[in-house]
Amino acid sequence: MSFAIQERVNFMRPVATYTVVPHIPEALERLPELAYNIRWSWDHETIGLFQRMDPTLWDQTYHNPIKMLGQLSQENLNALAADDGFRAHYERVMENFDDYIKSAHKAWYPQQFGLETAPQVAYFSFEFGLTECIPNYSGGLGVLAGDHLKAASDLNVPLIGVGLLYQMGYFQQYLNVDGWQQESYPVNDFYTLPLTQVLNDDGKPILISVTLDDVDVHAQIWQVKVGRLTLYLLDTNIPENPGQEEQDLTDQLYGGDREMRVKQEILLGIGGLRALYAMGIEPAVCHMNEGHSAFLSLERARILMERYGMSFAEAAAITSSSNVFTTHTPVPAGNDFFHPDLIRQYFKDYWPQLGLSEKEFFALGRFDENNPEEYFCMTILALRMAAYNNGVSQLHGDVARLMWEDVYNQVPQHEVPIGAVTNGVHTFSWISSEMSILYDRYLGPRWREDPTDKTIWERAGNIPDEELWRTHERRRERLVAFARNRLVQQLERRGAPPMEIDGAHEALDPEVLTIGFARRFATYKRATLLLRDEERLLRLMHSDTPIQLIFAGKAHPHDTDGKEFIRRLIHFVQEHNLHDRIVFLENYDMVICRYMVQGVDVWLNTPRRPMEASGTSGMKAAMNGVLHMSIPDGWWAEAYDRRLGWAIGSGEIYEDEELQDTIEANAAYDLIENDLIPSFYERGGDNLPRTWIRRMKVCIQELSPVFNTARMVQDYTRKYYYPALSHQRLLAQEEYSRGREFAAWLNGLQESWGDLEVGSMDANFLDNVTTGDTLRVTVDVHLGTIDPDSVAVELYEGQLNIDGEIDHGHTHQMHRTNGSDRGEGWHSYAVEFKAETSGRYGYTVRVVPRNPDADHALRFGLITWA
């Protein structure tokens, strides 16, 4: 007998698809509307409504109201509709929701700048951490992006978000029996998440495409309602992409190799902008949150070139004036550098569309345009193509100016045009429901309306000590119960012996001083610093006034050193039988984060300064009255006050890292022994730690109104968004005629700048002057064909450092006098200034561009010194 060989067919592939949605009783018909707007994630009343429907199912569905509604039986839904108490709760929540949406005109942005009828700012990020049931984040960067959107919604900033939607998200962490981190990648079902597809007028998905190595890759668009605004996410796992490689492009966040990374960044930057245009959204301002989306700056220019017949120089001059870039990485290795061959492979057909040569294109992402071996850097591209650049804390701004000063030709380091907006956290997403009730009672309702008002937070001093402490104790008890439950689950999954599992029910003590450490297990964060002197730590654990530690955090899948930190911690616990004093919670996520920042007594942070750009977990803790103990790095460098927390060391930077670890570990032990433990355990007859509570109140009063995303987004709006929007509207007048004039001005300067020369200087003083003297300096400058109104001639003076250089000099605008006797093209300038303080000073003269349409003129790389 013979059988015909037939091609194998995937008989499991459906002929057609359909979606089943729950039948919601009429009395509760707006539940899906509520569930699809993730404003519920920062409203305790709405969370309580969903939890009330079925507490067990709410937890089983990972706090996903869409999935929960789909799994509730019709009988349960009908019973809820018939429940007067539930209906009253539902109606109260809907009334509050409607008031939030309809009162948009009363929010901060419309009151300050006027109501916008369309989105003006597009915020691009590689990841967004909005809520745990949308696992589209890995850690701090994504959660910050999510908090940014939430605050923008509260303030009604005309902003939208743009990112990628990952089928597998970031990895799920679990440990093997040896304590070594393992990774799994569960597949997300987008149809059971609180997001929807963006459809055209015919009810079909809107698709966009980008060309990757001669292959057109298509993506559909999903949207997430975030209060008053929308986040758009691109997804390539669609049949329009016939190849598996193309469909898998949005599978994993931070997965794959360098080639996968550059393809994802092309999709985010170029594809993300195309998606907005396909939906009829044309943002006036684009904000690149980290360098991942920097290719959007090229696409913005290309679109303008195509529409208005501009050159790249014209389009880049115009669009860069409304681009904003935020760098989050204080170490070079954390920035994306791509091999020239990889960029050549994916952009060989793109740079001709920009009218650029290969060398001109690569120059946009290199320090040295004449070095063909230099890698292409996304951060440099973003810096060159954005008028507004910033770090994420004041210290990080200093670090970023040092890191990237070579991008800006001959600009003094402190004047490098990279500012700083210190990060914050979304107040209502991270404060516990119990603390919220306390704040409602003693701060009044305005803490919700304006979380940046310091006078409101000062009222935290009025909270009775006993009430504040009992509220905090309840949160610690909840944390301990949560940690025990998670630990049992971890041990059962790992196949641990029954005795060890039983012991997990006794892990931790709800009355012991509890220190939390939860963040990415990168080596510079030094998660194991407290293990430096094991004997000393053991004494702290076993004393009559003990401490206990809760750890959580993931190491990157390729970071073996970070994984070793986790393994060492687990082994230390096992070797010394510390299961009742140290717990490591696997698979750190937003749920674990909430329990920890709301329940520990002290938040520990031990980065190697200055490698922590900002850090935000300690801010979340502070709003809950949790005290902070940290190296003075990132945000803590500007927030530290001995009345509200502890600094480990004084911000020293050591060349010998081993020595640094020893010194700072000992400093941490000293603080714990001599300050934390006494102030926590010293109680009066009422069993209240009055010194500790006093610190808690100061912590709430001083940190809560400052380190929140309402303040942060207001800073971005005042410093960057609104000025950028104003510039864009100015340059766009009369089909960009004003923009073309600006570009022509810049191009003329660039062509003629080489002829500029600073001549001899004269002064009315010699070597010694007296404080209060009026000093006069004159100089001749050869401008050639450059219009004198196009430049600023500045005296640059300041105290000299030990190397004889001007340190953090000051500028004085010089004024053109009647002319120069040196001939055609020469001009004379003069300035008078006072000698304010004594010391050794120096001065020089420089010439820089000047144009009312240019923000941060030093970014153009045009500067000539005497």
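To start, this report covers the structure provided alongside it. Remember, predicted model here, so these are calculated numbers, not experimental data.

Details of the overall build of the protein chain
Line of reasoning, step 1. A count of helical and extended segments in the protein chain gives 31 helices and 28 strands.
Line of reasoning, step 2. Relative to the compact-globule value of 29 Å for 866 residues, the protein chain shows a C-alpha radius of gyration of 30 Å, a close match.
Line of reasoning, step 3. A principal-axis box enclosing the C-alpha atoms of the protein chain has dimensions of 95 × 85 × 60 Å.
Line of reasoning, step 4. In the protein chain, which comprises 866 residues, the proportion classed as buried is 58%.
Line of reasoning, step 5. Contacts in the protein chain between residues at least 24 apart in sequence constitute 72% of all its contacts with a sequence separation of at least 6.
Line of reasoning, step 6. Entry remark: accessible area of the protein chain is about 36,300 Å², with carbon and sulfur atoms responsible for 47%.
Line of reasoning, step 7. Each charge class in the protein chain was averaged separately, 78 positive and 125 negative side chains, and the resulting centres sit 4 Å apart.

Looking at the packing of helix H21 (residues 465-494) against helix H25 (residues 590-599)
Line of reasoning, step 1. Running from amino to carboxyl end, H21 crosses H25 at an angle of 145°, the nearest separation of the two axes being 8 Å. Along this stretch, H21 crosses H25, giving a crossing that reads as left-handed. Residues His472, Arg475, Arg476, Arg478, Leu479, Phe482 and Arg486 of H21 lie in contact with H25, whose contacting residues are Val591, Ile592, Tyr595, Met596, Gln598 and Gly599.
Line of reasoning, step 2. Residue composition of the contact of H21 with H25, by class: 6 nonpolar, 3 polar and 4 charged.

A closer look at the pattern of salt bridges
Line of reasoning, step 1. Enumeration over the complete set of coordinates arrives at 53 salt bridges.
Line of reasoning, step 2. Ionic pairing is found between arginine 568 and glutamate 534, a salt bridge with its closest N-O pair at 3.9 Å. Residue arginine 568 is located in helix H24 (residues 560-575), and its partner glutamate 534 is located in helix H23 (residues 534-542); the two are separated by 34 residues in the primary sequence.
Line of reasoning, step 3. Taking the relative accessible area as the measure of exposure, arginine 568 reaches 35% and is therefore partly exposed.
Line of reasoning, step 4. A relative accessible area of 29% means that glutamate 534 is categorised as partly exposed.
Line of reasoning, step 5. A salt bridge links arginine 608 to glutamate 657; the nearest nitrogen and oxygen atoms lie 3.8 Å apart. Note that arginine 608 is positioned in the loop between strand S18 (602-605) and helix H26 (617-622) and glutamate 657 in helix H28 (residues 657-681), a separation of 49 residues in sequence.
Line of reasoning, step 6. Of the residues examined, arginine 608 reaches a relative accessible area of 10% and is grouped as buried.
Line of reasoning, step 7. Residues joined in a network through salt bridges with shared partners are Arg526, Arg608, Glu657, Asp661 and Glu664.

Concerning the nonpolar core
Line of reasoning, step 1. Residues Met53, Leu676 and Trp692 are the most contacted members of the largest nonpolar core, which totals 167 residues.
Line of reasoning, step 2. For this core, the element with the most residues is H21, which contributes 9 residues.
Line of reasoning, step 3. With residues near it in sequence (within four places) discarded, methionine 53 still touches Leu31, Met68, Leu69, Leu72, Leu77, Leu80 and Phe86.
Line of reasoning, step 4. By size, the runner-up hydrophobic cluster in this structure holds 116 residues, among which are Leu383, Val758, Val779 and Val848.

Description of H24
Line of reasoning, step 1. Taking 1.5 Å per residue, 16 residues should reach 22 Å; H24 reaches 22 Å between its end C-alpha atoms and fits that length.
Line of reasoning, step 2. For H24, the full list of buried residues reads Gly562, Lys563, Ile566, Leu569, Ile570, His571, Phe572 and Val573.
Line of reasoning, step 3. Where H24 is buried, its residues contact strand S3 (172-175), strand S4 (181-184), H23, strand S16 (547-552) and strand S17 (582-585).
Line of reasoning, step 4. The backbone nitrogen of aspartate 561 has a side-chain oxygen 3.3 Å away, supplied by the residue at the start of H24, namely aspartate 559.
Line of reasoning, step 5. One or two residues past the end of H24 sits asparagine 577, with phi positive at roughly 50°.

Concerning unusual backbone geometry
Line of reasoning, step 1. Along the chain, arginine 609 connects to proline 610 via a cis peptide bond; the corresponding omega equals 5°.
Line of reasoning, step 2. With respect to the element layout, proline 610 can be found in the loop between S18 and H26.
Line of reasoning, step 3. With a phi close to 60°, tyrosine 62 is a non-glycine residue in the positive phi region.
Line of reasoning, step 4. The residue tyrosine 62 is located in the loop between helix H3 (55-60) and helix H4 (65-71) in this model.
Line of reasoning, step 5. In this structure, glutamate 735 is a non-glycine residue whose phi angle is positive, near 55°.
Line of reasoning, step 6. Along the chain, the position of glutamate 735 falls in helix H31 (residues 733-752).
Line of reasoning, step 7. Looking at glutamate 735, the relative accessible area reads 61%, which means it is exposed.

Overview of the pairing of strand S2 (residues 159-164)
Line of reasoning, step 1. Most of S2 is tucked away: 6 of the 6 residues are buried.
Line of reasoning, step 2. What you see with S2 is no split at all: Leu159, Gly161 and Gly163 on one side and Ile160, Val162 and Leu164 on the other are buried throughout.
Line of reasoning, step 3. Taken together, strand S1 (residues 121-125), helix H8 (residues 140-155) and S2 form a β-α-β motif whose crossover is right-handed.
Line of reasoning, step 4. Where S2 meets strand S8 (residues 229-235), 4 bridges bridge the pair, whose relative direction is parallel. Looking at S8, one finds that glycine 161 is bridged to leucine 231.

Observations concerning the sheet that holds strand S27 (residues 841-849)
The pairing of strands in a sheet happens through backbone hydrogen bonds and is either parallel or antiparallel.
Line of reasoning, step 1. Pairing is antiparallel across the open sheet formed by 4 strands, whose spatial order is S24-S23-S27-S28. Each edge of the open sheet is held by one strand with a lone partner, namely strand S24 (810-813) and strand S28 (864-865).
Line of reasoning, step 2. Of the strand pairs in this sheet, strand S23 (residues 791-799) and S27 are connected by 9 bridges, and their pairing is antiparallel. When the bridges of S27 are listed, glycine 798 appears paired with glycine 842.

Regarding the sheet that holds strand S15 (residues 513-518)
Line of reasoning, step 1. The strand order across the open sheet built from 6 strands is S17-S16-S15-S18-S19-S20, with neighbouring strands paired in parallel fashion. Edge strands, defined here as strands with exactly one partner in the open sheet, are S17 and strand S20 (645-647). Neighbour-to-neighbour, the strand axes of the sheet open up by a mean angle of 20°, direction not taken into account.
Line of reasoning, step 2. Pairing between S15 and S18: 2 bridges, direction parallel. By the bridge assignment, isoleucine 515 is partnered in S18 with valine 602.
Line of reasoning, step 3. Packed onto the sheet, H23 meets S16 and S17 and runs at close to 115° relative to S16.

Topic: the pairing of strand S13 (residues 388-391)
Line of reasoning, step 1. Going residue by residue along S13, you find Tyr388 and Asn390 tucked away on one face and Asn389 and Gly391 tucked away on the opposite face as well.
Line of reasoning, step 2. As paired elements, strand S10 (residues 323-326) and S13 share 3 bridges and run parallel to each other. Along S13, the bridge assignment pairs phenylalanine 325 with asparagine 389.
Line of reasoning, step 3. Relative to strand S14 (residues 419-420), S13 runs parallel, the two sharing 2 bridges.

Focus on the state of the cysteines
Line of reasoning, step 1. Going through the model one piece at a time under the given rule, you end up with 0 disulfides.
Line of reasoning, step 2. With no disulfide of its own, cysteine 286 has cysteine 377 as its nearest cysteine by sulfur position, at a separation of 20 Å.
Line of reasoning, step 3. Accessibility expressed as a relative area gives 0% for cysteine 286, which makes it buried.
Line of reasoning, step 4. Assessed through its relative accessible area of 0%, cysteine 377 is described here as buried.

Conventions used here
- Residues numbered from 1 in each chain as written.
- Predicted model: local features only at pLDDT ≥ 70, side-chain atom pairs only at ≥ 80, totals over all residues.
- Heavy atoms only, no water.
- Helix = DSSP H or I, 4+ residues; strand = E, 2+ residues; numbered from the N terminus.
- Rg over C-alpha atoms; globule rule 2.2 N^0.38 Å.
- Buried < 20%, exposed > 50% of the residue type's maximum accessible area, 1.4 Å probe, protein only.
- Contact = heavy atoms within 4.5 Å.
- Areas by Shrake-Rupley, 256 points an atom, 1.4 Å probe, with all protein chains shown as cover.
- Lys, Arg positive; Asp, Glu negative; His and termini not counted.
- Charge placed at Lys NZ, Arg CZ, Asp CG, Glu CD.
- Axes fitted to C-alpha atoms, helices over the stretch in contact; angles between N-to-C directions.
- Left-handed = near helix turned anticlockwise from the far one by under 90°.
- Nonpolar A, V, L, I, M, F, W, Y, C, P; charged D, E, K, R; others polar.
- Salt bridge = Lys/Arg side-chain N within 4 Å of Asp/Glu carboxyl O.
- Core = buried A, V, L, I, M, F, W, Y, C linked by side-chain atoms within 4.5 Å.
- Expected span 1.5 Å × (residues − 1).
- Polar contact = N/O pair within 3.5 Å; in protein donor to acceptor, adjacent residues only side chain to side chain.
- Right-handed = clockwise from strand over helix to strand, strands pointing away.
- Pairing = 2+ DSSP bridges.
- Disulfide = S-S within 2.5 Å.

This is a description of form; function is not addressed.
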